[in-house]
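So you can see what is in the structure, the chains are spelled out below.
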Amino acid sequence: MEYFRRTNSFFAAAFVLLLAVGLMAPNWFSYLTTISLAKALVVIGLVILLRAGLVSFGQGLYYCLGGYSVGIAGHYLQWTDGFLVLLIAMVVSGIVAAILGLLLCRYREIFFAMLTMAFSMILYGILVKSVGLGSTDGFNIHSVSFFGWEPGTDKLGLIVYFLACLAALIVAVLMHRYFHSPVGFAGEAIRENEIRVEYLGVSPNRIIFSKYILAAVLAGAGGGLTALASGHVDPEMAYWTTSGEFVFVALLSGTAHVAAVFIAAFLFEIIRTYAFDLAPYNWQMILGATLLLIIFFLPKGLWSIFTIRRAGGGVK
Amino acid sequence: MDTLLVILVDGIVYSSWLFLVAAGLTLVYGVMKILNMAHGSMYAIGAYSAASFVGWYFSADYVPWASYFFFIGCALAGGVIAGLLVERGVLRLMYGSDEVVMILVTYGVLLILEDVTKLIWGVDAYFAYQPYGLLGRTKVMGITFANYDLYLIGVSVTVGALMWYGLNRTRNGKMLRAVIHDREISMAMGINVTRTFIITFVLGSALGALAGGLTAPALSVVPGIGIEIIILAFAVVVIGGLGSVEGAAVGAILVGISRAIAVHTFPEIELFVIYGVMALVLSVRPRGLFVTATARKI
Amino acid sequence: MSVILKTKNLSKSFGAVTAAANINVEIHEREIVGVIGANGAGKTTFINMVTGYLKPSAGEIDFRNRNILGLSPRHITKIGISRSFQVPQLFSELTALENIVIAHRLMKANRLEVQAPLKTQSAVDAARGSLAEFGIADYAEAQVTALPQGTRKLLDIAMAMAGSPDLLLLDEPTSGVAMEEKFPLMDTVMEAVKRSRAACLFVEHDMEIVARYTDRVLAFYDGHIIADAPTEEALSNKEVREYVIGTELHREKEGKEERTYVESP
């Protein structure tokens with residue numbers, strides 16, 4: 001369709017570029033890119049919620065569920081097909097979100113933030129105590145196959161990288177359309193004025209419920225991809241710091257464009273990798289300070305640097 | 001019968017602790033409409049301050065009994081300093097932002113404070129068991145319990161009583177309640193909001209630190225002890241209703257007793273009980289027991 | 001003409017305060033009704049009850065012979081009752097055009113689409129048409145926060161009319177609008193209302209406006225309706241003159257039109 005042509009061509013070009021880079025780049029680079037693409041999926045879910053005015057401090061819940069779904073399917077059930085396990089990860093996340101969403105969709109602001117955080121910490125607590133699932137150490141995922149073909153360990157990284165690129169492309173195209181759709185705008189409308197939305201004949205709670213599930217499914221996919229790429233899952237995926245990093249990336253990218261999320265996630269992953277090595281005890285402090293600076297100086301995220309203020313736009 | 005008594009005692013001890021942990025959070029929210037994510041860090045700072053003081057004090061061979069006042073004082077001092085720095089250094093710049101932005105701001109503060117505590121106290125565990133051991137144990141009706149737990153109950157009740165008295169019977173407290181009730185009107189009436197905010201935040205931080213300091217002798221103080229506190233405190237506070245001190249007390253008792261029952265009957269579900277009570281209350285009263293959800297005036 | 005809205009003994013009390021007592025009202029198709037009364041007389045409470053925002057303590061509400069008591073605002077909106085607000089309820093960070101496009105799309109869809117764009121050419125054209133109808137087309141691209149008060153009021157009403165309601169309830173359409181803009185604003189609104197063939201009930205403090213635009217007047221005093229009659233008759237009613245118009249005149253003389261300027265959070 002005409003409406004999305006420019007952005008779609010941009011996504012397609014980026015996809016081709018990523019594939020080409022993957023074939024040439026060293027392993028550590030494609031691994032890092034895979035992880036940042038996977039995390040970007042989670043953050044896009046968070047951005048969907050942010051656009052509706054909601055901050056979830058608990059997307060780690062679904063990131064972790066997705067990862068463990070892939071792990072349990074492969075490790076305990078011997079279902080190894082990459083596509084199948086990713087689908088399972090998304091379905092499991094979606095189902096859990098549909099249950100928790102019944103309570104959560106009635107809440108906004110700090111309640112929503114804290115309750116989502118509490119739920120993710122419950123999963124963390126359960127996993128830490130589950131000896132069968134490796135407690136705090138988690139467990140490894142050994143074999144992954146694609147339609148019966150099992151790539152060797154030397155090739156697996158690249159295959160998962162391609163898979164991540166494909167997932168990213170699909171999500172980027174669909175979510176860009178979603179942002180511009182009536183439901184997408186309904187989110188912004190809810191953020192701005194729920195009473196008006198209600199008086200336009202639409203239930204804010206139902207819209208939020210659907211967005212929460214969508215965000216969870218995306219997070220599940222991201223967690224599943226991360227599990228496939230790293231070959232390992234542990235409870236840390238549900239820990240508050242993981243969820244907090246997603247929030248951080250979402251604020252960094254802002255909510256203006258899907259593409260910004262991928263850029264922010266990639267930047268974050270690179271900085272994290274180095275900063276973590278250089279200053280393991282100062283990493284959170286750097287994050288926190290940057291967060292405050294973003295909120296203070298760039299409340300609409302990095303993307304706001306690139307966009308010119310709309311004509312007639314008032315001062316906020 | 002014995003089990004029942006044990007459950008009751010455990011429940012009351014845990015409730016007292018929960019109340020201490022949650023009181024500062026709800027006070028700060030009530031007055032400032034800020035859900036302070038860094039409350040857990042205040043707890044950690046209090047615990048570290050107390051633990052390092054206890055370590056020094058007992059190695060120096062002073063009168064052991066005096067330590068009970070000093071280590072609490074140390075925890076409080078840690079909380080006051082940290083609270084003052086956070087309020088003047090960061091929060092002050094952000095007043096007027098909406099609640100979601102403030103939660104992100106305090107989240108940033110939490111991240112910073114987590115590392116600051118690591119920089120100051122390192123990552124090794126601190127032990128401050130002396131005050132706990134020193135009080136010994138008592139055997140009543142066939143059950144033994146640590147006297148330190150009685151001390152904890154005592155402090156918690158004292159804090160609760162002081163808060164109640166302060167808020168209901170003193171001039172400043174009445175002003176605080178006015179701000180809790182209607183911030184805009186209070187401002188219009190000439191209540192000095194800047195001062196109120198500083199005092200409230202410092203008080204809230206000090207309460208968090210006090211809870212940490214009192215807990216320090218009962219466990220090993222390690223990095224990351226603060227974070228579970230904030231979620232737990234939120235669960236307790238939200239049961240009663242955010243911003244309500246009475247609510248925090250009721251929430252603490254509900255959660256404390258429920259947890260004790262779980263621990264002594266089905267220990268596996270301990271974690272669920274805490275949040276289960278919260279979910280149950282919220283599904284009936286969406287804003288907690290002491291707060292009624294009101295429709296916005298249009 | 002047939003009755004579309006009928007309330008029977010509608011009452012609302014908040015604790016010990018009675019905000020509305022035994023309100024019996026009938027609104028006919030395409031009728032223009034003015035509602036007058038001092039602040040706190042129960043006018044907004046009445047609108048809030050009819051649109052489902054407040055649950056009445058007692059009484060019944062029928063819309064087109066259907067009991068609508070207990071329905072949610074969104075349900076009531078869907079079956080043809082819309083309202084505007086004393087303080088315009090808009091999407092502040094979006095443009096005027098986006099506000100209208102969203103209103104059109106949300107009102108008309110039974111299921112909201114998740115992949116098709118919101119701003120299709122036809123939707124945007126329709127929205128521009130609607131802005132033009134209300135004389136605010138020049139502000140299409142402006143963010144709501146930058147709009148003058150009168151324009152906000154018009155936008156709020158335009159959004160209420162997006163779903164082509166059968167009954168339109170306007171809560172003080174001219175409050176907060178400069179004196180000299182009131183008549184042009186009401187001209188615009190009333191033309192749009194007449195064209196849409198909706199019945200309209202509006203709350204108004206200015207008796208000249210009430211006299212010019214309405215067929216019938218409901219006068220509220222202390223939660224009760226003290227007069228329900230054709231405009232001229234109602235405005236010359238002794239009780240109305242004493243309890244409603246008298247206080248309005250008094251208020252105008254003192255020159256302090258009270259407005260509740262509570263900006264939505």
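Quantities reported herein were computed from a predicted structural model and do not represent experimental measurements. (Residues numbered from 1 in each chain as written. Chains lettered and ligands numbered in written order. Predicted model: local features only at pLDDT ≥ 70, side-chain atom pairs only at ≥ 80, totals over all residues. Heavy atoms only, no water.)

**Q** I'm lost on the overall build of chain C in this one. Help?
**A** Counting its secondary structure elements, chain C contains 9 helices and 10 strands. Computed over the C-alpha atoms, the radius of gyration of chain C is 18 Å, within 12% of the 18 Å expected from 2.2 N^0.38 for a compact globule of 265 residues. Projected onto the principal axes, the alpha-carbon positions of chain C cover approximately 55 × 40 × 40 Å. Going through the 265 residues of chain C one by one, you find that 55% of them count as buried. Computed over 30 positive and 36 negative side-chain charges, the separation of the two mean positions in chain C equals 6 Å. (Helix = DSSP H or I, 4+ residues; strand = E, 2+ residues; numbered from the N terminus. Rg over C-alpha atoms; globule rule 2.2 N^0.38 Å. Buried < 20%, exposed > 50% of the residue type's maximum accessible area, 1.4 Å probe, protein only. Lys, Arg positive; Asp, Glu negative; His and termini not counted. Charge placed at Lys NZ, Arg CZ, Asp CG, Glu CD.)

**Q** Help me understand the packing of aromatic side chains, please; the structure alone is not making it clear to me.
**A** The description of an aromatic ring pair rests on the distance of the ring centres and on the angle between the ring planes. Counted under the stated rule, the structure contains 32 aromatic pairs over all chains. Note on Tyr62 of chain A and Tyr212 of chain A: the rings are 5.7 Å apart at their centroids and 80° apart in plane angle, and the pair reads as edge-to-face. Placement of the pair is Tyr62 of chain A in helix H3 (residues 60–75) and Tyr212 of chain A in helix H9 (residues 204–230), with a sequence separation of 150 residues. Summarising the burial analysis for this pair, Tyr62 of chain A and Tyr212 of chain A share the class buried. When the centroid spacing of 5.0 Å and the interplanar angle of 80° are considered together, the rings of Tyr95 of chain B and Phe197 of chain B count as edge-to-face. With a gap of 102 residues between them, Tyr95 of chain B in the loop between helix H3 (67–94) and helix H4 (99–121) and Phe197 of chain B in helix H9 (residues 193–215) connect regions that are remote in the sequence. Grouping aromatic residues by their ring pairs yields a cluster made of Phe57, Tyr124, Tyr239 and Trp240 of chain A together with Tyr107 of chain B. Here the basic side chain of Arg51 of chain A rests over the ring of Phe179 of chain A, its NZ or CZ set 4.0 Å away from the ring centre. (Phe/Tyr/Trp six-rings, centres within 6.5 Å; stacked < 30°, edge-to-face > 60°. Lys NZ or Arg CZ within 6 Å of the ring centre and 35° of its normal.)

**Q** Explanation requested: the nonpolar core in the structure shown.
**A** Within soluble globular proteins, side chains that are nonpolar generally end up buried alongside one another. Core analysis: the largest hydrophobic core is formed by 256 residues, its most contacted members being Phe57 of chain A together with Leu155 of chain C. When residues in this core are grouped by element, the largest group, 15 residues, is from helix H1 (residues 2–32) of chain B. When near neighbours in sequence (up to four residues on either side) are disregarded, Leu155 of chain C contacts Leu90, Ala96, Asn99, Ile100, Leu131, Ile136, Val144 and Leu147 of chain C. If you look at the next biggest cluster of nonpolar residues, it comprises 28 residues, including Val25, Met49, Ile76 and Phe220 of chain C. (Core = buried A, V, L, I, M, F, W, Y, C linked by side-chain atoms within 4.5 Å. Contact = heavy atoms within 4.5 Å.)

**Q** Any chance you could explain the sheet that holds strand E7 (residues 167–170) of chain C here in plain terms?
**A** Two modes of strand pairing occur in sheets, parallel and antiparallel, and in both the strands are linked by backbone hydrogen bonds. All names here are of chain C. On the basis of which strands lie adjacent, the open sheet formed by 6 strands has the order E6-E7-E8-E3-E9-E10 and mixed pairing. Here the strands that pair on one side only, and so sit at the sheet edges, are strand E6 (81–83) and strand E10 (224–230). Sheet twist, expressed as the mean angle between neighbouring strand axes with direction ignored, is 15°. (Pairing = 2+ DSSP bridges. Axes fitted to C-alpha atoms, helices over the stretch in contact; angles between N-to-C directions.)

**Q** Whenever I open this one, the interface of chain C and chain A confuses me. Can you help?
**A** By a frequent convention, interface size equals the accessible area lost on bringing the separate parts together. Counting residues at the interface gives 38 residues for chain C, matched by 35 residues for chain A. Buried surface at the junction of chain C and chain A, both sides included, amounts to about 3,400 Å², of which 59% is carbon and sulfur. Looking at the side of chain C facing chain A, the largest losses of area belong to Arg74, Glu93 and Gln115 of chain C, adding up to 22% of the total buried there. Applying the counting criterion to the chain C and chain A interface returns 2 salt bridges. (Buried area = accessible area lost by both parts, 1.4 Å probe. Salt bridge = Lys/Arg side-chain N within 4 Å of Asp/Glu carboxyl O.)

**Q** What am I meant to see in the confidence of the model for chain A here?
**A** Should the pLDDT be low somewhere, the predicted coordinates at that spot are not to be read in detail. Model confidence for chain A is summarised by a mean pLDDT of 87, while 94% of its residues fall at 70 or above. Confidence, read as mean pLDDT per element, is least for helix H13 (residues 303–306) of chain A in chain A (59) and greatest for H9 of chain A (95). (pLDDT = per-residue confidence, 0-100.)

**Q** Got a minute to help me understand a nonpolar patch on the surface in this structure?
**A** Residues and elements named next belong to chain A. A cluster of nonpolar side chains, contributed by Phe83, Phe147, Leu166, Ile170 and Leu174, occupies part of the molecular surface with about 480 Å² of accessible area. It is helix H6 (residues 153–180) that contributes the most residues to the nonpolar patch, 3 residues altogether. Among the secondary structure elements, Ile170 is positioned in helix H6. When its relative accessible area of 44% is taken as the criterion, Ile170 is described as partly exposed. (Patch = residues over 30% accessible without salt bridge, like charges linked within 9 Å, V, L, I, M, F, W, Y side chains within 5 Å. Areas by Shrake-Rupley, 256 points an atom, 1.4 Å probe, with all protein chains shown as cover.)

**Q** It is not clear to me how the interface of chain B and chain A should be interpreted in this structure. Could you clarify?
**A** Of the residues lining the interface, 41 residues belong to chain B; the matching set on chain A comes to 41 residues. Carbon and sulfur atoms make up 80% of the area that chain B and chain A hide from each other, which totals about 3,900 Å². It is Leu104, Tyr107 and Leu111 of chain B that lose the most area in chain B upon contact with chain A, and together they represent 15% of the buried surface on that side. At the junction of chain B and chain A, the tally comes to 0 salt bridges. At the junction of chain B with chain A, the criterion picks out 5 residue pairs in polar contact (both at pLDDT 80 or more). Residue assignment for the side of chain B that touches chain A shows that the elements contributing at least two residues are H3, H4, helix H10 (225–240) and helix H12 (270–284) of chain B. The biggest single contributor to the side of chain B that touches chain A is H4 of chain B, with 16 residues. (Polar contact = N/O pair within 3.5 Å; in protein donor to acceptor, adjacent residues only side chain to side chain.)

**Q** Looking at this structure, how should I read the sheet that holds strand E5 (residues 66–67) of chain C?
**A** Read across the sheet, 4 strands follow the order E2-E1-E4-E5 (chain C) without closing on themselves; strand pairing throughout is antiparallel. Each having just a single partner strand, strand E2 (17–28) and E5 of chain C make up the two edges of the open sheet.

**Q** Honestly, the pairing of strand E8 (residues 199–203) of chain C in this entry has me stumped. Any pointers?
**A** Along a regular strand, successive side chains alternate from one face of the sheet to the other. All names here are of chain C. Among the 5 residues of E8, 5 are classified as buried, and the element is accordingly described as predominantly covered. Bridge count for strand E3 (residues 32–36) against E8 is 4 bridges, and the pairing is parallel. The residue bridging Val33 from the neighbouring strand is Leu201, located in E8. As judged from the 4 bridges shared by E7 and E8, these two strands associate in the parallel manner. Paired with Leu170 across the bridge in E8 is Phe202. Handedness of the crossover joining E7 and E8 through helix H6 (residues 179–196) is recorded here as right-handed. (Right-handed = clockwise from strand over helix to strand, strands pointing away.)

**Q** Could you clarify how one ought to interpret the environment of Leu20 of chain B in this entry?
**A** Residues and elements named next belong to chain B. Positionally, Leu20 belongs in helix H1. Sequence-wise, Leu20 and Val159 are 139 residues apart; in three dimensions their C-alpha atoms are separated by 7.7 Å. Not counting residues up to four positions away in its chain, the partners in contact with Leu20 are Leu152, Ser156, Val159, Leu207, Leu210, Ala211 and Leu214.

**Q** What's the story with H9 of chain A in this structure? I'm lost.
**A** One turn of an α-helix holds 3.6 residues; hence residues three or four places apart share an orientation. Residue and element names in this part refer to chain A. The terminal C-alpha atoms of H9 lie 38 Å apart, and with 27 residues this matches the ideal 39 Å at 1.5 Å per residue to within 8%. Summarising burial for H9: 19 of the 27 residues are buried, a large majority. Positive backbone phi, approximately 70°, marks Gly231, located one or two places after H9. (Expected span 1.5 Å × (residues − 1).)

**Q** Looking at this structure, how should I read unusual backbone geometry?
**A** The phi angle of most residues is negative, glycine excepted, and most peptide bonds adopt the trans form. Residue and element names in this part refer to chain A. Residue Gln78 is not a glycine yet carries a positive backbone phi of 60°. By relative accessible area, which is 57% here, Gln78 ends up exposed. For Ser135, which is not a glycine, the phi torsion comes out positive at approximately 45°. Inspection of the secondary structure puts Ser135 in the loop between helix H5 (109–129) and strand E1 (139–140).

**Q** Please explain the pairing of E10 of chain C as it appears in this structure.
**A** All names here are of chain C. Summarising the sheet, strand E9 (residues 216–221) and E10 pair through 6 bridges and their orientation is antiparallel. Each bridged residue has a counterpart across the sheet, and for Phe220 the counterpart in E10 is Ile225. Here E9 hands over to E10 after 2 residues, with Asp222 in that stretch at a positive phi of 55°.

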